[in-house]
Amino acid sequence: MLSKIIKEKPIVELHKFLHESNNIVITCHVSPDGDAIGASLGLYHLLNTLGKNVHIVTPDMPPRSLGFLPDIKEIVIYSKYTDFGNQLLRKAQLIFCLDFNAAKRVDKMADALLAAKGHKVMIDHHLDPEDFCDVTISFPEMSSTCELLFRVICRLGLFNEINKACAECIYTGMMTDTGNFSYNSNHADIYIIISELLKKGIDKDRIYTLAMNTSSEDRLRLLGYAMDQKMKVYPEAEGALITLSLEELKRYNYKKGDTESLVNMPLGIPTVRWSIFMREEEGYIKISARSKGDFAVNTICEQYFGGGGHKNASGGEFYGTLDEAVATFEKIAAEIASNKNDNETKQ
Ligand code: 5GP
Ligand code: MN
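Cut-offs used in this document
Residues numbered from 1 in each chain as written. Chains lettered and ligands numbered in written order. Predicted model: local features only at pLDDT ≥ 70, side-chain atom pairs only at ≥ 80, totals over all residues. Heavy atoms only, no water. Salt bridge = Lys/Arg side-chain N within 4 Å of Asp/Glu carboxyl O. Helix = DSSP H or I, 4+ residues; strand = E, 2+ residues; numbered from the N terminus. Buried < 20%, exposed > 50% of the residue type's maximum accessible area, 1.4 Å probe, protein only. Donors = N, O, S within 2.8 Å, 3.2 Å for Na, K, Ca; no water. Pairing = 2+ DSSP bridges. Contact = heavy atoms within 4.5 Å. Axes fitted to C-alpha atoms, helices over the stretch in contact; angles between N-to-C directions.

A. Here's a closer look at the pattern of salt bridges. Throughout the structure, instances matching the rule amount to 16 salt bridges. Across the salt bridge formed by D258 and R64, the nearest N and O atoms sit 3.3 Å from each other. Placement of D258 in the loop between α10 (246-251) and β9 (274-281) and of R64 in the loop between β2 (53-58) and β3 (76-77) is noted, with a sequence separation of 194 residues between them. In this structure D258 comes out as buried when scored by relative accessible area, which is 3%. Classification of R64 as exposed rests on a relative accessible area of 52%. Residue E330 pairs with K232 through a salt bridge whose shortest N-O separation is 3.5 Å.

B. Structural context of the coordination of the manganese ion (ligand 2). Within the protein, the atoms that donate to the manganese ion (ligand 2) are D35 (OD), D99 (OD), H125 (NE2) and D177 (OD), at distances of 2.2 to 2.4 Å. Sequence spacing of the donors to the manganese ion (ligand 2): D-x63-D-x25-H-x51-D. Residue H125 is located in the loop between β5 (119-124) and β6 (135-138), and its partner D177 is located in the loop between α6 (164-176) and α7 (188-199); the two are separated by 52 residues in the primary sequence. An identical accessibility class is assigned to H125 and D177; each is buried.

C. Region of the structure containing the sheet that holds strand β1 (residues 23-28). Here we have 6 strands laid out as an open sheet, ordered β3-β2-β1-β4-β5-β6, and parallel in their pairing. Only two strands of the sheet have a single partner each, and these edge strands are β3 and β6. Each of β1, β2 and β4 (94-98) touches helix α2 (residues 34-49); the most contacted strand, β1, lies at about 165 degrees to it. On top of the sheet, helix α5 (residues 145-155) reaches β4, β5 and β6; it is set at about 120 degrees to β5, its chief contact.

Here it is, written out as C-alpha cells:
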C-alpha cells in the first residue's frame with residue numbers, strides 16, 4: 001500500500017474541476033526534461049482515456065532522447081506555434097502546471113498562462129511554490145513530479161484508467177529524475193509504484209536504453225572532449241567546473257540534449273561535492289549545477305545565476321561572456337575554500 005500523503009481538500013477540488021472541464025491544457029517548464037514531459041504525456045494519456053479534449057503545450061522543444069514516448073509528436077510547441085498555443089490556453093477550462101513552481105519557468109508563455117481564465121492546478125516537487133494556481137499539490141520531498149502524479153491519479157480513483165502508454169510516460173519521469181534510481185530514490189513507495197507500472201505492461205529496460213543510454217557518435221565525442229579537456233577540479237573548494245563555448249559545441253555538431261548528464265560526471269570523484277557546467281548559448285550562458293549530500297547548489301544558483309531548483313540539482317542563467325561566468329565561479333569557489341579553511345581552523 002502506498003502511504004497517503006496528499007490531503008483530501010485538493011483532491012476534492014481537482015475532482016470537481018475535472019468533472020466540469022472538457023477542454024484541458026497541460027503545460028510544463030521550459031527546456032523540459034524527462035520528468036516534465038513524462039508527467040505531461042502521462043496525464044495526457046489518462047485524460048484521453050477519460051474522453052477529454054486535451055492538449056499539451058510546452059514552452060519549447062522536448063529533448064530528442066524522449067522521441068520514443070507515445071504521442072510525443074502531438075505536443076504543441078509554444079515557441080513555434082504561439083498563436084495556436086495562445087488559443088488553446090484561452091479556451092482551456094482547466095490548465096495543469098506540471099513540474100514547475102513559478103510562472104516565469106514557462107518563459108515566453110508566462111503572460112498567456114497567467115492571463116488564461118481556466119482553473120489552474122499545479123502538481124510539482126520544487127521548493128517554494130508561487131501562489132498562481134487554484135489548486136497547488138506541491139511536495140518537494142517527492143522524487144519526481146511523475147511519482148506525485150501517480151499518487152494523484154490513485155487518489156482520484158483513476159488507477160484503472162492508467163494504460164500502458166500512460167505508465168511508460170510516468171516511469172520515464174521517475175527514472176530520469178532519479179538518475180535511474182541512483183539518487184533521491186530510497187523511499188520504498190517508489191518501488192511499489194514501479195511494480196504497479198510493470199503490471200501495466202511497461203518494458204523498463206527498453207525505456208532505460210532509449211531515454212538514458214542512447215547517443216550519437218558526435219555526442220559521445222563531445223562528452224569525451226569535455227571530460228578530458230574542459231573539466232577543471234578545484235580541490236580546495238571540493239568543486240568542479242566544465243565549460244563549453246558555442247564554437248566547441250559547433251565543432252561536435254551539438255544538438256539539444258547532447259550535454260545532458262555531463263554535469264553529474266565530476267561528482268564521481270569522491271572528493272568533489274559540487275559541480276557546475278556552463279554552456280554558451282546565443283546571448284547568455286546556461287548554468288547547470290549538481291551536488292552530493294548536504295551541499296546545496298540551489299542557493300548558489302539563486303545568488304549568482306538568477307535561478308534555483310533543488311538542493312542537489314539546480315540551474316540558472318548568466319548574462320555575460322563565458323570568461324565572466326568562469327570568473328564568477330572562481331569567486332564562489334574561493335569563498336567556499338576560505339569558509340572551509342576557517343571552519344577547519346576553528347575545529
Ligand atoms: P538542469 O541542470 O537539468 O537544466 O536543471 C536541473 C534543475 O534545476 C531543474 O529541474 C530545475 O529545477 C532547476 N533549474 C534549471 N535551470 C533553471 C533556471 O534557469 N531557473 C530556475 N529557477 N531553476 C532552474
Ligand atoms: Mn522534476
